[in-house]
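# Examining the three-dimensional arrangement
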Amino acid sequence: MTQFDDSDAFEAAATSSLAARAMATAPQGAAPYMEGLNPAQEAAVRQLDGPVLMLAGAGTGKTRALTARIAHLMATGTARPNEILAVTFTNKAAREMKTRVGALLGQPAEGMPWLGTFHAICVKLLRRHAELVGLKSNFTILDMDDQNRLLKQLIVAEGIDDKRWPARGLGSLIDGWKNRALTPEQVPSADHGAFNNQGVKLYGQYQTRLKELNACDFGDLLLHVIRIFQENEDLLQQYQRWFRYILVDEYQDTNVAQYLWLRLLAAGHKNICCVGDDDQSIYGWRGAEVGNILRFEKDFPGAHVVRLEQNYRSTGHILAAASGVIAGNRGRLGKTLWTDGEDGEKVRLIGHWDGDEEARWVGEEIEAMGHGTRGMDPIGPNDIAILVRASHQMRAFEDRFLTIGLPYRVIGGPRFYERMEIRDAMAYFRVVVSPDDDLAFERIVNTPKRGLGDKAQQTIQRMARSNGVSLLEGARLCVETQAIGGKGGRELRTLVDGLARWRGHLNGGLRAVGPVDDLIDEEVEPVGGQLGMSHVELAEIILDESGYTAHWQNDKTPEGPGRLENLKELVKALENFENLQGFLEHVSLIMDNEQDDQEPKVTLMTLHAAKGLEFPAVFLPGWEDGLFPSQRSMDESGQSGLEEERRLAYVGITRAEKVCTISFAGNRRVYGQWQSQMPSRFIDELPEDHVEVLTPPGLYGHQGGMGGQMRGMGASASPVERDMAGSNLHEKAARADVYNSPGWKRLQARQGQYGTRQPTEAKAMTIDAEAISAFSIGDRVFHQKFGYGAVVSVEGDKLGIEFEKAGSKHVVGRFLVAAGQESGQDDGDVPF
DNA sequence: TAATAGAGAATTTTT
DNA sequence: TTCTCTATTA
């Protein structure tokens, strides 16, 4: 059987009713999907052939143009739905695109089999051609948890101390390589020292192990497909012919592997349209290469570049503020957002004494907005979002909102499918569906506790290995040969029997998956269960009979009931799928749980999670140097890290439609310790004309307790006396009297030590870097827990310290103080 | 083998 | 502060 004897099926699928209908309903010249597009958008829609780069600023109707383009492709008969490859990053984006294309064409867009995320599309491809990379088509996809467990095993097997060299670190190292499309052999020598010189070797072992397990991780999905394309010229050409038009959303977020993948597929016809915004590239840390979008015209000579610059979302002041900030970045393609709407309110800036105060103020402000403040229409909770840099910032707001009874919702917290109970339950399903899924088996053998501890599990391992079978099979052998006796043995027998029985109920849902179905449509014909048990019932039975439900029922911790609730939700989610395997596939690729409830709620989320969203009112708290921009980003990636943070600021501001409020606090509790904070350098980059400095009312409650806190303050500490260059908004905020506080003054004084901050961030960077990583080998340092010691090694922000009392440790630099200065570290400015 | 206590370490963002 | 992991004890 050749690779392509199913091409008839492909052709047949092409005559979709969607395309037919699109053609029929699109009169020449006045296609409905073109209505209301501005000239730039229309240009982007009409330029169907050849490479197109659509530079779409925030709020410029990017999705609008993208979907219209798809509609146009179909309506003009240029491409049939299944000849369009449309890639997104998130499932949400894919879903939205599907819906909107459907809406434009006046009918559900079911016929677009190749609209999906990079990962989903790669899974589809890889299932068809798995054998070309030594996998079976029913390979499992590991999530991070599985990955870490596997890596830990390898690390331990190598005799490496997994405390000092944790699996997670190796995991991210490997992910990084995979993002760059590097196989173990291709890892550059500069990286060979990584992970105690063992990184590359372990990477190789990991890949071997994955193959043995018939599994792959997220990165592999891309890499395997790339390899298949590279090694099978005819196959690649076939797909190049099939995918006649390629569209890519959020192109600025693509990593090297994704870029290579796209380039391979587009190499023939070059009909590739990439949409993105270099100013919104905020995923560099996970491998995204802004360079991809910056380089587009070089990669595809003769590319048409279309700029979408008319903004339909935000007011003039908000746009101006955002533009002012982003202008500080170098290496941009450059866009100028404009609006013909109103100027609206200026961006509001306010400083607070500490983080709690900030949360309190935001809460009050939100309540006030509900009634309509300052002559503005009321803004309800649903229309308000608080966007933070790091998730731990959310706690202060959650606490505050809980006390005042303000309903809120957190987006992007611990994900549903990452919760322990859900992962356990899923592991059961996995073993039932694929009995040789060893990782899943390992997870559940002794969950709930069955008296099968380390020793018993090792016996199973040995049995499996010496017979060359899966762990489950090994376990069965252990039971039969009585290698494991006693209570554990009986329990194990029950488990093994149960798994076999449950598998027997995996009825007619197990349908032969052929390439034909694969190509035509994802929706699968329901195949009635001959044995009369639906997969939902089966799932319930598995959870009950395995004792897992009971395990949580007997649990006396406060989380117990919640976990049971989650399990119920899981079972409910199953109803939307035809069978267990379909569900598992879905879950391994999709990690979002959206539950939209009726009650209006304020949204609390990270800046990253907010990309692509918009709200009438946005709060941007915590604009303090070190927090935002994040110290870590700057330490790890220097100038480019800072620029990415600045893009994050830009993303944050441009989420706002009408009101944007930026705030910062002078003191913040970090890991239970009070720290004084400096206002973010981004605040000084806000164009003054578009910002209004607010004064929080009645802040002057904190009297007394200030004695001795002035220690270390310079004579020129008063913010008013200091002559700083540029438009120092935070200084203005300081003059608003709120900052006549010791913490604030000390900050000013400290800042004074390093001289006036310059507008060029390059300079500011150096200064800060010096201020932070002030340790070198031989320095005597002090650690809160370990006491005094000497620096013996420096690796980035990790320092090796030989402590006088506590022995040698590896510690993060920020937990250290130069000996002799430890007393002034963080006390003294504690409010109250 | 399981439960518990206590230590030790550490905070970004996630398809 | 809070979590996770380890060592200890039952």
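Given the structure is predicted, the values throughout are model-derived calculations rather than measurements.

What counts, and where the lines are drawn
- Residues numbered from 1 in each chain as written.
- Chains lettered and ligands numbered in written order.
- Predicted model: local features only at pLDDT ≥ 70, side-chain atom pairs only at ≥ 80, totals over all residues.
- Heavy atoms only, no water.
- pLDDT = per-residue confidence, 0-100.
- Contact = heavy atoms within 4.5 Å.
- Phe/Tyr/Trp six-rings, centres within 6.5 Å; stacked < 30°, edge-to-face > 60°.
- Helix = DSSP H or I, 4+ residues; strand = E, 2+ residues; numbered from the N terminus.
- Buried < 20%, exposed > 50% of the residue type's maximum accessible area, 1.4 Å probe, protein only.
- Lys NZ or Arg CZ within 6 Å of the ring centre and 35° of its normal.
- Axes fitted to C-alpha atoms, helices over the stretch in contact; angles between N-to-C directions.
- Parallel < 35°, antiparallel > 145°, perpendicular 65-115°, else oblique.
- Nonpolar A, V, L, I, M, F, W, Y, C, P; charged D, E, K, R; others polar.
- Near = heavy atom within 4 Å.
- Polar contact = N/O pair within 3.5 Å; in protein donor to acceptor, adjacent residues only side chain to side chain.
- Pairing = 2+ DSSP bridges.
- Salt bridge = Lys/Arg side-chain N within 4 Å of Asp/Glu carboxyl O.

## A short note on the confidence of the model for chain A
The share of residues in chain A with pLDDT of 70 or more is 75%, and the mean pLDDT across the chain is 78. Overall, residues 699–727 carries pLDDT values under 50, and its contacts beyond four positions in sequence, including any with other chains, amount to 50 contacts. Note on residues 736–773: pLDDT is under 50 here. Beyond four places in sequence and across chains, it has 89 contacts.

## Details of the packing of aromatic side chains
Under the defined criterion, the tally for this structure stands at 20 aromatic pairs. Ring geometry for Trp 114 versus Phe 243: centroids 5.1 Å apart, planes at 70 degrees, classification edge-to-face. Taken as a pair, Trp 114 in the loop between helix 5 (91–105) and strand 3 (115–117) and Phe 243 in the loop between helix 11 (233–242) and strand 6 (245–248) lie far apart in primary sequence, 129 residues in all. Looking at Trp 114, the relative accessible area reads 1%, which means it is buried. Consider the rings of Tyr 239 and Trp 242, whose centres lie 5.2 Å apart with planes at 85 degrees: the pair is edge-to-face. On the criterion of helical spacing, the pair formed by Tyr 239 and Trp 242 is a turn pair, its members being 3 residues apart in helix 11. Of the aromatic side chains, those joined through ring pairs into one cluster are Trp 114, Phe 229, Tyr 239, Trp 242 and Phe 243. Here the basic side chain of Arg 127 rests over the ring of Phe 139, its NZ or CZ set 4.1 Å away from the ring centre.

## Some words on the packing of helix 10 (residues 218–231) against helix 11
Relative orientation of the contacting elements helix 10 and helix 11 amounts to 110 degrees, with a least axis distance of 5 Å. In terms of orientation, helix 10 lies roughly perpendicular with respect to helix 11. Between helix 10, through Ile 228, Phe 229 and Glu 231, and helix 11, the contact on the second element is made entirely by Glu 233, Leu 235, Leu 236 and Tyr 239. Considered class by class, the residues forming the contact of helix 10 with helix 11 number 5 nonpolar, no polar and 2 charged.

## Focus on the packing of helix 20 (residues 454–467) against helix 21 (residues 471–480)
Following both chains from N to C, one finds helix 20 and helix 21 inclined at 105 degrees, their axes separated by 8 Å at the closest point. Taken as axis vectors, helix 20 and helix 21 run roughly perpendicular relative to one another. Of the residues in helix 21, those in contact with Thr 459, Ile 460, Gln 461, Met 463, Ala 464 and Asn 467 of helix 20 are Leu 471, Gly 474, Ala 475, Leu 477 and Cys 478.

## Comments concerning the protein's contact with DNA strand B
Taken together, the neighbourhood of DNA strand B is formed by 25 residues, with Phe 89, Arg 389, Ser 391, Arg 632 and Tyr 671 sitting nearest. Counting only the atoms of DNA strand B that lie within 4 Å of the protein, the sugar and phosphate share comes to 57%. With respect to DNA strand B, the side chain of Trp 285 contributes an N or O atom lying 3.3 Å from a base oxygen. Within the side chain of Arg 632, a nitrogen or oxygen atom sits 2.3 Å from a phosphate oxygen of DNA strand B. Going through the elements one at a time, helix 20 and helix 29 (631–653) are the ones with two or more residues in the surface near DNA strand B. At 3 residues, helix 29 tops the list of elements feeding residues into the surface near DNA strand B. Tallied by class, the residues present in the surface near DNA strand B amount to 7 nonpolar, 9 polar and 9 charged.

## Here we look at unusual backbone geometry
Backbone torsion omega between Thr 447 and Pro 448 reads -5 degrees, so that peptide bond is classified as cis. If you trace the backbone, Pro 448 turns up in the loop between helix 19 (438–445) and helix 20. Residue Pro 629 is bonded to the preceding Phe 628 through a cis peptide linkage, with omega at 5 degrees. Within the fold, Pro 629 resides in the loop between strand 13 (615–620) and helix 29. Located in the positive-phi region is Phe 195, a residue other than glycine, with phi close to 55 degrees. Its place among the elements puts Phe 195 in the loop between helix 8 (167–179) and helix 9 (199–212). Here Phe 195 falls in the buried class, since its relative accessible area comes to 9%.

## Remarks on the sheet that holds strand 6
Taken in spatial order, the 6 strands line up as 3-2-6-7-1-8 in an open sheet, and their pairing is parallel. Looking along the sheet, the strands with just one partner apiece sit at the ends: strand 3 and strand 8 (304–308). Across the sheet, the mean angle separating the axes of adjacent strands is 15 degrees when strand polarity is ignored. By the bridge criterion, 3 bridges tie strand 6 to strand 7 (residues 272–276) in an arrangement that is parallel. Bridge pairing in strand 7 links Val 248 to Cys 274. Helix 3 (residues 39–46) contacts strand 1 (52–56) and strand 8 of the sheet and is inclined by roughly 145 degrees relative to strand 8.

## With respect to the pattern of salt bridges
Counting across every chain of the model gives 37 salt bridges. In this structure, Asp 424 and Arg 443 form a salt bridge, with 2.7 Å as the shortest nitrogen-oxygen distance. In this pair, Asp 424 sits in helix 18 (residues 420–433) while Arg 443 sits in helix 19, placing the two residues 19 residues apart along the sequence. Between Glu 685 and Arg 646 there is a salt bridge, with the nearest N and O atoms lying 2.8 Å from each other. Pair noted here: Glu 685 is in helix 30 (residues 681–685) and Arg 646 is in helix 29, with a separation of 39 residues, a long-range link. Taking the relative accessible area as the measure of exposure, Glu 685 reaches 18% and is therefore buried. By relative accessible area, Arg 646 is classed as buried at 0%. Where salt bridges share partners, they join Lys 62, Asp 249, Glu 250, Asp 253 and Lys 611 into one cluster.

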